[in-house]
Amino acid sequence: MTDNHHHIENDEQFIGLTVNSGVKQPPVVNPYLKPRKRRPLPSASELVEGILKGDVTVLSRAVTLVESLSPEHQAVAQEVIEKCLPYSGNSRRIGITGVPGAGKSTSIDVFGLHILKDGGKLAVLAIDPSSERTKGSILGDKTRMEQLAVHPAAFIRPSPSAGSLGGVARKTRETIVLCEAAGYNNIFVETVGVGQSETAVHSMVDFFLLIQLAGTGDELQGIKRGIMEMADGIVINKADGDNIDRARLAQAQFRSALHLFPPTASGWKPEVLCYSGYYNLGVPEVWEMIDRYFTFVKENGYFEVKRQEQARYWMYETINEKLRQHFYTNPEVEKLLQEKEMKVLGNQQSSFTAARDVLDFYFKK
């Protein structure tokens, strides 16, 4: 087939016509665009210097390195944490939890503003184990913290979504160290009211605040005993309008339930208060209670004891996590585990001898 069939303009009848070549197509990439150089990894001492000055951009970068899984980033991050440790520890760490829908974000917004009006700085961090499944993050609703999100003295950081709850929690604890070194003297650690994340938050805060809702029927049913025992204060949200009586009733129920628990290690008796995050009612009272708690535990020495226990706990948590990781990421172990699993499922070997074989193999390596 000749070229003429493709191009009708080359047909005999059009002889004498000249065909101009079309306009040259501009390049797809903007020719004026300079190739972006990757920012070099800042050194640990540069990061520390910026953090101690309170530079938020540097703090954010350091936190990103803490959360990164790359060994190179981890090495820098760990050095930064070591260097920031002497400057950390001088804040109030407050854990905040509550069932989804209890109005945590609105509450954090009004609590945060209440604290910041006397000066100081606030960092809001989150631990969200569900982000593993959905890859979303709890502070995706940063927008509900409308005033804090734009407040110059507040630093809001969503949950690191990489890894196990233990890993996420460890990274949050390391972030606390960096925030404190950057001069944030109030730290909120928020968690969704589910499963083990409470225990993780409890292991890194000084005061654990549980936000409850009234008027949902049987208040005490929807709450696990373990969380009740961890709480240093229970606050009932949405105590406003025609919900006030229900809130008061729930308050009485919680108070009587707390009497059934053994006394807390700190000797502090958890209090139950009502407030309204939306209408900003009763918020100062909540903070007066928290102030009383800090005075109480600092006087009886429990504050220091608890912080030391937490430091020890995180040392062992980190060791456990690294050991698990080392074991499960070993290719030979992975292969052997699959073989053993088939045997166990096929009733050819008991779970216990299979486990022993795999461990024996691992320890002899």
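For every chain, the first residue of the written sequence is number 1, and numbering continues from 1 onward in sequence order. Predicted model: local features are reported for residues with pLDDT of at least 70 only, side-chain atom pairs are reported and counted for 80 or more only, and whole-chain, interface and lining totals are derived from all residues. Hydrogens and water are ignored here; the side-chain numbers use all heavy atoms of the structure.

Q: Help me understand helix H11 (residues 244–259) in this model?
A: Since the α-helix packs 3.6 residues into each turn, any two residues three or four apart lie on the same face. Here H11 spans 23 Å end to end across 16 residues, near enough to the 22 Å set by a 1.5 Å rise per residue. Under the scheme applied here, a residue whose accessible area is under 20% of the maximum for its type counts as buried, over 50% as exposed, and between as partly exposed, the area being computed with a 1.4 Å probe on protein chains only. Labels follow the DSSP assignment, with helices taken as runs of H or I lasting at least four residues and strands as runs of E lasting at least two, numbered in each case from the N terminus. Within the span of H11, buried status applies to Ala 247, Ala 250, Gln 251, Phe 254, Ala 257 and Leu 258. Projection of H11 onto a plane perpendicular to its axis shows the buried side chains occupying an angular sector of 130°, all on one side. Opposite the buried face of H11, by more than 90 degrees, sit the exposed residues Asp 245, Leu 249 and His 259. An expected span of 1.5 Å times one less than the residue number is assigned to each helix. This arc describes the spread of directions from the helix axis toward the C-beta atoms.

Q: Just to check I follow, could you spell out the sheet that holds strand E4 (residues 186–191) for this structure?
A: Strands qualify as paired when DSSP identifies two bridges or more between them. Taken together, 7 strands build an open sheet; the order of strands is E3-E2-E4-E1-E5-E6-E7 and the sheet is parallel. Taken across any chain shown, the strands that pair with only one partner, and hence form the sheet edges, are strand E3 (154–156) and strand E7 (271–274). Within the sheet, the average angular offset between the axes of one strand and its neighbour, ignoring direction, is 20°. Across 5 bridges, the pairing between strand E5 (residues 207–213) and strand E6 (residues 233–237) is parallel. Within E6, the position partnered with Leu 210 by the bridge is Ile 234. The convention used is that axes are lines fitted to C-alpha atoms, helices contributing only their stretch in contact, and that angles between N-to-C directions extend from 0 to 180 degrees.

Q: Help me understand a nonpolar patch on the surface in this model?
A: Patch membership requires more than 30% relative accessible area and the absence of a salt bridge. Residues of like charge join within 9 Å; the nonpolar side chains Val, Leu, Ile, Met, Phe, Trp and Tyr join within 5 Å. In this description, accessible areas are obtained by the Shrake-Rupley approach with a 1.4 Å probe, and a residue is regarded as covered only by the protein chains that are shown. Any Lys or Arg side-chain nitrogen located within 4 Å of an Asp or Glu carboxyl oxygen qualifies as a salt bridge. A surface patch of nonpolar side chains, amounting to about 410 Å² of accessible area, comprises Met 315, Tyr 316, Ile 319 and Leu 323. For Met 315, the position within the fold is in helix H13 (residues 302–328). Look at Met 315 and you get partly exposed, because its relative accessible area is 47%.

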